[in-house]
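Residues per chain, in single letters:
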Amino acid sequence: GQNIDQPTEMTATEGAIVQINCTYQTSGFNGLFWYQQHAGEAPTFLSYNVLDGLEEKGRFSSFLSRSKGYSYLLLKELQMKDSASYLCAVANTGNQFYFGTGTSLTVIP
Amino acid sequence: DSGVTQTPKHLITATGQRVTLRCSPRSGDLSVYWYQQSLDQGLQFLIQYYNGEERAKGNILERFSAQQFPDLHSELNLSSLELGDSALYFCASSVVGSDTGELFFGEGSRLTVL
């Protein structure tokens, strides 16, 4: 089965850096994904990790440790528009994607 | 625009009724997924199809069923609706075997059961 945990809510200041953690347990691992979702909208893909280490993509970076079942999403130079829910998802070897409940990030001035 | 099309965008119906949600995946994507997202809940995996065949089932109720047609579009049928079925239903598609294989989501169908 799959078990994915991430914090429910976080608050950070505009211009700052925030790290959103995700821990997971899965039977068969085929990648970890981060998605952004604004209220009432579709999730949009942010990043993908399948090997250990850091993947950087502009202001967003994602890290994976497969041995620890741990990932984080790092958002730098926060902007007000980054206020959204951030979803951690794990794909298994059957290419099923399981999502955490999401971390609601509020960026304050 | 993700390229995944879902209809209808909004649907209001009564308890006990039956509805059908429709999804057209991105051109070339063979895999279609259905998810349910209730208020303040995460995305719950319902079912996955690949090239017309059911690949995996998640937390899908027996009152719900789905299929994928030869043209790769998919339908999710929800019957004997209950108040608790009110949710956003997302369809997603992916290219299995690509470098990242990420899911591309449609805009969702918001179902309200009164």
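Model, not experiment: these values are computed from the prediction. (Residues numbered from 1 in each chain as written. Chains lettered and ligands numbered in written order. Predicted model: local features only at pLDDT ≥ 70, side-chain atom pairs only at ≥ 80, totals over all residues. Heavy atoms only, no water.)

A. Molecular detail of the state of the cysteines. Per the stated rule, a full pass over the model turns up 2 disulfides over all chains. The disulfide bridge from Cys22 of chain A ends at Cys88 of chain A, spanning 2.0 Å between sulfur atoms. The S-S bond linking Cys22 of chain A to Cys88 of chain A shows a torsion near -70 degrees; that makes this disulfide left-handed. Within this pair, whereas Cys22 of chain A is found in strand S3 (residues 18-26), its partner Cys88 of chain A is found in strand S9 (residues 84-91), the two being separated by 66 residues in sequence. Both residues of the pair, Cys22 of chain A and Cys88 of chain A, count as buried. At a sulfur-sulfur separation of 1.8 Å, the disulfide partner of Cys23 of chain B is Cys91 of chain B. With the S-S dihedral at roughly -55 degrees, the linkage between Cys23 of chain B and Cys91 of chain B falls on the left-handed side. On the criterion of sequence distance, the pair formed by Cys23 of chain B in strand S3 (residues 19-24) and Cys91 of chain B in strand S9 (residues 87-94) is long-range, its members being 68 residues apart. Of the two residues examined, Cys23 of chain B and Cys91 of chain B, each falls in the buried class. (Disulfide = S-S within 2.5 Å. Helix = DSSP H or I, 4+ residues; strand = E, 2+ residues; numbered from the N terminus. Buried < 20%, exposed > 50% of the residue type's maximum accessible area, 1.4 Å probe, protein only.)

B. Structural context of the pattern of salt bridges. Residues and elements named next belong to chain B. A full pass over the atoms with the stated rule returns 6 salt bridges over all chains. Close ionic contact of Arg26 with Asp29 constitutes a salt bridge, the shortest N to O distance being 2.8 Å. The buried category is assigned to Asp29, whose relative accessible area is 0%. One network of salt bridges, in which partners are shared, links Arg63, Glu82 and Asp85. (Salt bridge = Lys/Arg side-chain N within 4 Å of Asp/Glu carboxyl O.)

C. Structural view of the sheet that holds strand S7 (residues 60-65) of chain A. All names here are of chain A. Pairing is antiparallel across the open sheet formed by 5 strands, whose spatial order is S1-S3-S8-S7-S6. Either end of the sheet is taken by a strand with one partner, and the two such strands are strand S1 (2-5) and strand S6 (53-57). In this sheet, neighbouring strand axes are inclined to one another by 15 degrees on average, regardless of whether the strands run parallel or antiparallel. Two strands pair when backbone bridges link them, and S7 and strand S8 (residues 70-75) are joined in this way by 6 bridges, in the antiparallel orientation. Within S8, the position partnered with Ser61 by the bridge is Leu74. (Pairing = 2+ DSSP bridges. Axes fitted to C-alpha atoms, helices over the stretch in contact; angles between N-to-C directions.)

D. Representation of the confidence of the model for chain A. On average, residues of chain A score 94 in pLDDT, and 99% of them are at 70 or above. Element-level mean pLDDT values for chain A span from 89 in S1 of chain A up to 98 in S8 of chain A. (pLDDT = per-residue confidence, 0-100.)

E. Geometry of the sheet that holds strand S8 (residues 74-78) of chain B. All names here are of chain B. With antiparallel pairing, 4 strands are arranged side by side in an open sheet as S1-S3-S8-S7. The sheet is open, and its two edges are formed by strand S1 (5-7) and strand S7 (64-68), each paired on a single side. The mean inter-strand angle of the sheet, taken between neighbouring strand axes irrespective of direction, is 15 degrees. As paired strands, S1 and S3 are joined by 3 bridges and run antiparallel to one another. Residue Gln6 lies in a different strand from S3, and its bridge partner there is Cys23.

F. Up close: the pairing of strand S11 (residues 103-108) of chain A. Residue and element names in this part refer to chain A. Covered by surrounding structure in S11 are Thr103, Leu105 and Val107 only, the residues Ser104, Thr106 and Ile108 on the alternate face being uncovered. As judged from the 5 bridges shared by strand S2 (residues 9-13) and S11, these two strands associate in the parallel manner. Its bridge partner being in S11, Thr13 is matched across the sheet by Ile108. The pairing of S9 with S11 spans 3 bridges and is antiparallel. Residue pairing in the sheet places Tyr86 in a bridge with Thr103 of S11.

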